Amino acid sequence: MNKNNLIFQYFNEQISKYDSMDTSNISFRLLSKSEEKILERKISKLPYSEKSLLYMNYIFPEENILDVKYPRGEKLYLQELLSRSLGLKDEWIDDVSMEIVVKKIFDRENNIYFYNKLKVDGISFIIFSVFLVLHIYFYKNGIYGMPLLSFDIFRHMIADKYVRLELIVILVPAIFHTAFLIKNYLKNEPIFIPYYSWDKGFSVKVLAGSVITLIVTRIFFSDYFSVMVLFAGLIILYQVVSLGVKELMKVRDF
């Protein structure tokens, strides 16, 4: 057994002891406002996995959403560790104080996450719009094969005053809502927090599925290849742009 496995096994054994620990003899103490601020700074510096565990215990306590083997043990281990870091020798931080601080951090990081997601999506949309024009140009000029779909129907639809009115009703509130979000989130410190692994993983799966669809269409339904490139190409284009922007803007992925 290598060194890493031994460390992991020892850690699991310790956590299992915490999981069955009797806390009736432990003295818990409510923190003052100044101590809560110190605790907030300390929890903010924890690795994302540990913060997620605290979120699970204090914000989503009804179910073990992270599928942790010893959720109570890991929670008590962190609670004692944080208590010692605050200089509490014979006392532990009370659950009420832990919940207050953890909820503050969760709300703040959610705001930062959505601010940055809005920024990434905005930049992706701008770049996507530029390439979209080229994509449609290539389709109409037969670069992908004989164009089977005409865009005249879309021109006729937009020419209709009622359709234009419907678009205005849909777009204007969306623009104002986006402006409101930007105004709110600009107040937050623009630090990227981790995108969840499924965020990037989902994009990669969609990208792979779209490419496979194009290959199958090319082999078995070549007459419809240009139309499939038009629609599947939009998905591929957006996913590539979105992933590229996230990587270039140093959005870390866990």
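Right above here is the structure, for reference.
I will try to describe carefully the structure that is included in this document. Please read these numbers as outputs of a predicted model, since none were measured by experiment.

## Quick notes on the overall build of the protein
What the protein contains, in helices and strands, is 9 helices and 2 strands. Across the protein, helices and strands are ordered from the amino to the carboxyl terminus as α-β-α-α-α-β-α-α-α-α-α. Every one of the 254 residues in the protein was classed for burial, and the buried ones make up 31%. When the accessible surface of the protein is split by element, carbon and sulfur atoms take 65% of a total near 16,800 Å².

## So, the packing of aromatic side chains
Two descriptors summarise a pair of aromatic rings, namely the distance from one centre to the other and the angle between the planes of the rings. For the structure shown, the criterion picks out 6 aromatic pairs. Both rings, one in Phe 28 and one in Trp 92, keep their centres 6.0 Å apart while their planes meet at 85°; by these two values the pair is edge-to-face. Taken together, the residues span a long stretch of sequence, with Phe 28 in strand β1 (residues 27-29) and Trp 92 in strand β2 (residues 91-93) at a distance of 64 residues. Taken together, the ring pairs in this structure connect Tyr 137, Phe 138 and Tyr 144 into an aromatic cluster. Sitting over the ring of Phe 225, Arg 218 keeps its end group 4.9 Å from the ring centre.

## Notes on helix α3 (residues 48-58)
Of all 11 residues that make up α3, 8 are buried, and the element is covered over most of its length. The complete set of buried residues in α3 reads Tyr 48, Lys 51, Ser 52, Leu 53, Leu 54, Tyr 55, Met 56 and Tyr 58.

## Side note on the side chain of Ser 226
Relative to the helices and strands, Ser 226 resides in helix α9 (residues 225-248). A relative accessible area of 2% places Ser 226 in the buried class. Here Ser 226 is in contact with Tyr 139, Tyr 144, Gly 145, Met 146, Pro 147 and Leu 148, once residues within four sequence places are set aside.

## Re the pattern of salt bridges
The full count for this structure, using the stated rule, is 6 salt bridges. Among the salt bridges present, the one from Arg 108 reaches Glu 40, with a minimum N-O distance of 2.7 Å. A residue pair is termed long-range when its members are at least 10 positions apart, and Arg 108 in helix α5 (residues 95-140) and Glu 40 in helix α2 (residues 33-44) qualify at 68 residues.

## A word on a positive patch on the surface
Together, Lys 33, Lys 37, Arg 41, Lys 42, Lys 45 and Lys 104 make up a region of like positive charge exposed at the surface. At 4 residues, α2 tops the list of elements feeding residues into the positive patch. Summarising the element assignment, Lys 37 is placed in helix α2.

## Remarks on a nonpolar patch on the surface
Residues Met 146, Leu 148, Val 211, Ile 212, Ile 215, Val 216, Ile 219, Phe 220, Phe 221 and Tyr 224 make up a contiguous nonpolar surface patch of roughly 1,100 Å² in combined accessible area. Assignment of secondary structure puts Met 146 in the loop between α5 and α6 (152-159).

## Notes on the nonpolar core
If you look at the biggest cluster of nonpolar residues, it comprises 19 residues, and the most contacted ones within it are Leu 39, Ile 43, Leu 54, Ile 93, Met 98 and Val 102. Listed by contribution, the elements that provide at least two residues to this core are α2, α3, α4 (71-85) and α5. Excluding anything up to four places from it in sequence, Ile 43 contacts Lys 51, Leu 54, Leu 82, Val 101, Val 102 and Ile 105. Tyr 144, Leu 214, Val 227 and Ala 232 belong to the second largest nonpolar core, which has 11 residues in total.

## Points about the environment of Pro 147
Among the structural elements, Pro 147 can be located in the loop between α5 and α6. Overall, the relative accessible area of 29% leaves Pro 147 in the partly exposed class. Here the alpha-carbon distance between Pro 147 and Leu 230, two residues 83 residues apart in the chain, equals 9.3 Å. Excluding its chain neighbours within four sequence positions, the residues that come into contact with Pro 147 are Tyr 139, Lys 140, Gly 142 and Ser 226.

## Regarding the packing of α3 against α4
Viewed as axis vectors pointing N to C, α3 and α4 meet at an angle of 110°, and their least axial separation amounts to 10 Å. Between α3 and α4, the angle is such that the two are roughly perpendicular. By crossing handedness, the relation of α3 to α4 is classed as left-handed. Counting all contacts with α3, which are made through Glu 50, Leu 53, Leu 54, Met 56, Asn 57 and Tyr 58, the residues of α4 involved are Pro 71, Glu 74, Lys 75, Leu 78 and Gln 79. Looking at side-chain class alone, the contact of α3 with α4 contains 6 nonpolar, 2 polar and 3 charged residues.

What counts and how
Residues numbered from 1 in each chain as written. Predicted model: local features only at pLDDT ≥ 70, side-chain atom pairs only at ≥ 80, totals over all residues. Heavy atoms only, no water. Helix = DSSP H or I, 4+ residues; strand = E, 2+ residues; numbered from the N terminus. Buried < 20%, exposed > 50% of the residue type's maximum accessible area, 1.4 Å probe, protein only. Areas by Shrake-Rupley, 256 points an atom, 1.4 Å probe, with all protein chains shown as cover. Phe/Tyr/Trp six-rings, centres within 6.5 Å; stacked < 30°, edge-to-face > 60°. Lys NZ or Arg CZ within 6 Å of the ring centre and 35° of its normal. Contact = heavy atoms within 4.5 Å. Salt bridge = Lys/Arg side-chain N within 4 Å of Asp/Glu carboxyl O. Patch = residues over 30% accessible without salt bridge, like charges linked within 9 Å, V, L, I, M, F, W, Y side chains within 5 Å. Lys, Arg positive; Asp, Glu negative; His and termini not counted. Charge placed at Lys NZ, Arg CZ, Asp CG, Glu CD. Core = buried A, V, L, I, M, F, W, Y, C linked by side-chain atoms within 4.5 Å. Axes fitted to C-alpha atoms, helices over the stretch in contact; angles between N-to-C directions. Parallel < 35°, antiparallel > 145°, perpendicular 65-115°, else oblique. Left-handed = near helix turned anticlockwise from the far one by under 90°. Nonpolar A, V, L, I, M, F, W, Y, C, P; charged D, E, K, R; others polar.

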